[in-house]
Amino acid sequence: MTDADKKLRDSQMILGLEEEVAPATLPDEGLDLRVAPRKEPQTPGEWIKDNLFSGPVNSIITIALTLFILWFGSKVLHYVFASADWTILKVNFRSYMTGRWPLEELWRVWLGTYAIALLAGLSRGISVIPFVFSRRRLVVLGLVAAAALLVELYVVTTLFTHALVAGLILTIVLGIYLGRRFRDVIPRRAVLIAWIAAYPALILLLRVGGPNERLWSGFMVNLIVATLAIFASFPIGVLLALGRRSTMPAIRYFCVGVIEIIRGAPLYTLLIFGVFVLPLMLPPQISKPPNIVLAVIMITAFSAVYVAEIVRGGLQGIPEGQYEAARALGLPYRKMIRLVILPQALRATIPAMISHFISLFKDTSLLATIAILELLRQARRASAALGFAGRSMEALLPAALLFWIVAFSMARWSQRLEKRLGVGER
Amino acid sequence: MSVAEGNGASNGATDMIVAEDVRKVFGTFEALKGVSTRVRPGEVVVIVGPSGSGKSTFIRTINRLERHDDGRIVVDGIELTDDIRNIEKIRSEIGMVFQSFNLFPHLTVMENITLAPRNVRRWPKKKSEEVAMQLLDRVGIPEQAQKYPAQLSGGQQQRVAIARALAMQPKIMLFDEPTSALDPEMIKEVLDVMKELAQTGMTMICVSHEIGFAREVADRVLFFDSGQLLEDAPPDQFFTSPRHERTKLFLSQIL
């Protein structure tokens with residue numbers, strides 16, 4: 001290996017490219033690659049000097065921020081481990097997650113969770129993107145795992161539940177293993193279909209023979225409502241966006257009207273409308289649907305008009321030439337939209353779209369206002385109990401953390417998606 | 001075909017394209033002021049003219065990217081009307097190459113070429129990919145099949161665009177200034193492909209200012225000025241002894 005090759009490989013390792021580009025193939029292309037001289041790795045002391053104390057202003061900022069972080073961190077640690085009393089969480093954890101869902105029907109929730117865990121593991125397993133164990137990642141994962149373990153050991157009280165949690169983790173691992181093992185056998189499409197089928201299957205599992213919708217509560221309601229609203233509002237929003245650009249005036253004005261009217265109303269108003277006015281519009285033979293169904297309808301409508309506006313932005317970014325090229329090839333309108341326009345328009349809207357879905361997920365806490373016992377409501381109920389007077393911090397923080405975990409996961413997933421679909425971007 | 005036989009007698013069954021008194025107005029601007037011409041099968045027609053003269057608009061009316069406001073256009077025996085099925089049928093018989101390539105950036109070269117054959121002609125994947133590879137061979141870039149358009153040079157992209165249009169096995173090819181957006185060293189590779197295509201007997205209409213190309217392969221050269229077809233002559237005559245003053249002036253500016 002020549003010196004130049006070595007340098008090239010070093011630079012690729014730093015960029016994390018060592019797997020994709022084999023240096024041996026480069027000379028075949030007749031390319032003369034030379035790598036600009038790179039500063040040799042520094043000692044930790046040098047790094048600190050260069051990055052944290054490179055000037056008087058930077059030094060002051062560094063010192064001030066360090067002091068703040070130390071002060072705040074010690075406060076947090078002191079609060080979490082010394083002054084807080086987490087009994088309220090221990091007592092109410094099940095009510096946070098599933099609320100008034102009867103204990104003897106809890107197996108339905110567990111079964112559904114296991115199925116999703118297996119599916120998630122499978123998806124990760126068959127994904128071609130390798131999981132890179134960088135040092136930083138391992139440290140973060142280790143810390144998260146330790147924190148999760150701590151919480152689990154504190155919150156879970158029965159041996160049976162411990163076993164269920166352990167089984168859940170094993171199921172994810174099993175899924176990853178199976179996905180890896182049978183990567184070439186399992187068609188990607190099958191996994192996608194499984195994901196699409198999972199939702200109705202889950203609802204059937206929970207509902208058929210299970211508890212009445214009035215008993216659906218806790219964090220699972222936030223998750224179920226948000227998931228349904230997200231996946232239902234997406235296609236509706238896309239259609240509204242296309243309709244808004246239609247050349248047919250009737251369709252165009254209808255879509256513009258729907259979008260502008262719903263977009264102008266606060267979600268809270270829409271929920272109240274859904275619960276008190278919408279049932280009056282139904283034919284009298286139909287009894288009033290449960291609040292959770294009405295809520296899903298209204299949240300979906302609310303989300304759809306935002307999706308429509310996001311997609312409209314994406315559509316405006318597509319040059320006229322793309323439409324012309326598709327038309328010139330004889331593609332009919334629907335195929336042109338489906339095969340040429342939407343794939344490009346939607347890719348451009350991923351960041352805005354995921355942002356919208358994250359905020360929609362958090363908006364599910366508004367369900368509390370129409371008597372649905374979602375997570376936030378459950379947390380506030382817990383803190384209102386007599387024995388826990390003055391412990392509302394301990395009651396609300398875990399709820400906030402749960403919301404944050406899901407929102408953050410969505411954000412990370414969005415980044416992955418962007419990276420994966422970034423290929424061939426002009 | 002049956003349509004061609006049906007009304008072939010009146011407009012001459014041998015003509016691939018018939019345009020009669022074609023008019024087009026954008027707002028108050030008259031882009032085409034009654035253009036009439038005929039193109040026989042296998043004929044190569046080059047259109048020149050100053051910008052804004054309506055030459056692009058004219059070839060875009062032939063596959064209905066622009067709707068003509070008045071007059072008649074008959075392509076391969078089918079008259080262009082507002083009937084969308086009719087239009088899609090004609091479009092699938094006409095290949096078009098644009099100045100700015102207009103490849104689909106989210107698809108690979110292979111997917112760009114096979115998109116229309118698979119979704120319009122309903123060919124199976126295997127057949128359409130075989131045809132695509134033959135075409136990529138023909139335009140000289142078979143090794144680029146799995147790349148995305150953004151990874152190719154302008155000349156390569158335009159050759160892919162030609163292959164994409166040819167994949168539908170069209171009877172007519174329209175070229176709308178295919179080399180205007182290219183760097184000089186890439187113009188030749190695209191013109192070579194077009195010359196080869198002309199020699200195989202493809203009916204072609206090219207809006208282009210490549211005089212060398214016009215002299216070499218064109219059967220006729222058309223000169224457009226302010227929405228009118230002013231001159232229509234074989235290349236020798238067109239470039240050496242144009243009849244109109246306007247043509248002379250234009251040629252003096254570009255030659």
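Thresholds applied
- Residues numbered from 1 in each chain as written.
- Chains lettered and ligands numbered in written order.
- Predicted model: local features only at pLDDT ≥ 70, side-chain atom pairs only at ≥ 80, totals over all residues.
- Helix = DSSP H or I, 4+ residues; strand = E, 2+ residues; numbered from the N terminus.
- Rg over C-alpha atoms; globule rule 2.2 N^0.38 Å.
- Buried ≥ 20, exposed ≤ 12 C-beta atoms within 10 Å, placed from the backbone.
- Contact = placed C-beta atoms within 7 Å.
- Axes fitted to C-alpha atoms, helices over the stretch in contact; angles between N-to-C directions.
- Parallel < 35°, antiparallel > 145°, perpendicular 65-115°, else oblique.
- Left-handed = near helix turned anticlockwise from the far one by under 90°.
- Nonpolar A, V, L, I, M, F, W, Y, C, P; charged D, E, K, R; others polar.
- Pairing = 2+ DSSP bridges.
- pLDDT = per-residue confidence, 0-100.
- Core = buried A, V, L, I, M, F, W, Y, C linked by C-beta atoms within 7 Å.
- Expected span 1.5 Å × (residues − 1).

**A word on the overall build of chain B**
Of the regular secondary structure elements, chain B holds 10 helices and 10 strands. The globule rule puts the C-alpha radius of gyration for 255 residues at 18 Å, and the 18 Å found for chain B is close to it. Relative to its 255 residues, chain B shows a buried fraction of 47%. Of the contacts formed within chain B by residues at least 6 apart in sequence, a portion of 65% connects residues at least 24 apart.

**Digging into the overall build of chain A**
Of the regular secondary structure elements, chain A holds 17 helices and zero strands. Counting the 426 residues in chain A, one finds 22% classified as buried. Across chain A, every contact between residues at least 6 apart in sequence was considered, and the portion connecting residues at least 24 apart equals 79%.

**Thoughts on the packing of helix α11 (residues 267-276) of chain A against helix α13 (residues 291-316) of chain A**
All names here are of chain A. Across the interface, α11 lies against α13 with an axial gap of 9 Å and an inter-helix angle of 140°. The pairing of α11 with α13 is recorded here as oblique in orientation. α11 and α13 meet at a crossing whose hand is right-handed. From α11, L267, L270, L271, F273, G274 and V275 reach across to α13, where they touch N291, L294, A295, I297, M298, A301 and F302. Here the residues of the contact of α11 with α13 sort into 11 nonpolar, two polar and no charged.

**Some details on the sheet that holds strand β10 (residues 228-233) of chain B**
Hydrogen bonding along the main chain pairs the strands of a sheet, whether they run parallel or antiparallel. All names here are of chain B. Pairing in this open sheet of six strands is mixed, and the strands run β6-β7-β8-β3-β9-β10 from one edge to the other. In the strand order of this sheet, the two ends are held by β6 (94-97) and β10, each with one partner. In this sheet, neighbouring strand axes are inclined to one another by 20° on average, regardless of whether the strands run parallel or antiparallel. Inspection of the sheet shows strand β9 (residues 220-225) paired to β10 by five bridges, in the antiparallel sense. Each residue of the ladder has a partner; that of V221, found in β10, is A233.

**A short note on the confidence of the model for chain B**
Residue and element names in this part refer to chain B. The predicted model of chain B has a mean per-residue pLDDT of 91, with 95% of residues at 70 or higher. Here residues 1-12 is modelled with pLDDT under 50, and outside its nearest four sequence neighbours on either side it reaches 10 contacts, counting other chains as well. If you check the scores for this complex, the pTM reads 0.82 and the ipTM reads 0.92.

**As for the sheet that holds strand β4 (residues 70-75) of chain B**
Residues and elements named next belong to chain B. Pairing within the open sheet is antiparallel, and its four strands lie in the order β2-β1-β4-β5. For this open sheet the edge positions go to β2 (29-39) and β5 (78-79), each flanked by a neighbour on one side alone. On the sheet, helix α2 (residues 55-62) packs against β1 (17-26), β2 and β4 and is oriented at approximately 120° with respect to β1.

**Quick word on the interface of chain B and chain A**
With 19 residues of chain B at the contact, the number on the chain A side is 20 residues. Breaking the side of chain B that touches chain A down by element, the ones donating at least two residues are α3 (84-93) and α4 (109-119) of chain B. Residues belonging to the side of chain B that touches chain A are distributed by class as follows: 11 nonpolar, six polar and two charged.

**Concerning the pairing of β1(B)**
Residue and element names in this part refer to chain B. Both β1 and β2 contribute to a ladder of eight bridges, which runs antiparallel. Across the sheet, the residue bridging to I17 is V39, located in β2. Here β1 hands over to β2 after two residues, with G27 in that stretch at a positive phi of 65°. Relative to β4, β1 runs antiparallel, the two being bridged by five bridges. What sits directly across from V18, in β4, is V74.

**Quick word on the nonpolar core**
Membership of the largest hydrophobic core comes to 80 residues, with the highest contact counts inside it found for B:V45, B:I47, B:L135, B:A163, B:A167, B:L174 and B:M204. Core analysis: the second largest hydrophobic core is formed by 55 residues, A:M220, A:V311, A:L375 and A:A399 among them.

**Quick look at the environment of B:Q169**
With respect to the helices and strands, B:Q169 occurs in the loop between α6 (154-166) and β7 (172-176). Sequence spacing of B:Q169 and B:G95 is 74 residues, and the spatial spacing of their C-alpha atoms is 8.1 Å.

**Here's the deal with the pairing of β4(B)**
The two faces of the sheet receive side chains in turn, since in a regular strand these alternate between them. All names here are of chain B. Judged from the two bridges that link them, β4 and β5 form a sheet pairing that is antiparallel. By the bridge assignment, V75 is partnered in β5 with I78. Two successive antiparallel strands, β4 and β5, enclose a turn made up of two residues, where D76 displays a positive phi of approximately 50°.

**Notes on helix α15 (residues 333-363) of chain A**
All names here are of chain A. With 31 residues, α15 ought to run about 45 Å at 1.5 Å a step, yet its terminal C-alpha atoms sit only 36 Å apart, falling short of that. Taken as a whole, α15 has its buried residues at V340, Q344, A345, T349, M353, I354, F357, I358, L360 and F361. The elements touched by buried residues of α15 are α9 (219-244), α13, α14 (320-328) and α17 (392-421).

**Notes on the packing of α14(A) against α15(A)**
All names here are of chain A. Contact pair α14 / α15: the axes reach a minimum separation of 10 Å and the direction vectors enclose 160°. The orientation of α14 relative to α15 falls into the category roughly antiparallel. Considering the relative orientation of α14 and α15, their crossing is right-handed. Contacts from Q322, Y323, A326 and R327 of α14 reach α15 at M336, V340, I341 and Q344.

**What to know about unusual backbone geometry**
With phi around 60°, A:A371 is a residue other than glycine that occupies positive phi space. On the secondary structure map, A:A371 appears in the loop between α15 and α16 (375-384). Of note in the backbone geometry, B:D21 takes a positive phi value of approximately 50° without being a glycine. By the secondary structure assignment, B:D21 is in strand β1.

**So, the confidence of the model for chain A**
Here chain A shows a mean pLDDT of 87. Residues at 70 or above account for 89%. Looking across chain A, the model is least confident in helix α1 (residues 3-15) of chain A, with a mean pLDDT of 50, and most confident in α14(A), with 96.

**Some remarks on the environment of A:E104**
All names here are of chain A. Within the secondary structure layout, E104 lies in the loop between α4 (87-98) and α5 (106-126). C-beta crowding within 10 Å serves as the criterion here: with 7 such atoms nearby, E104 is assigned to the exposed category. Residues E104 and I129 lie 25 residues apart in sequence; the distance between their C-alpha atoms is 41 Å.

**What about the environment of B:L229?**
All names here are of chain B. Within the secondary structure, L229 is located in strand β10. For L229, a count of 23 C-beta atoms within 10 Å translates into the label buried. Look past the residues within four positions of L229 in its chain and what remains in contact with it is V35, T37, L222 and F224.

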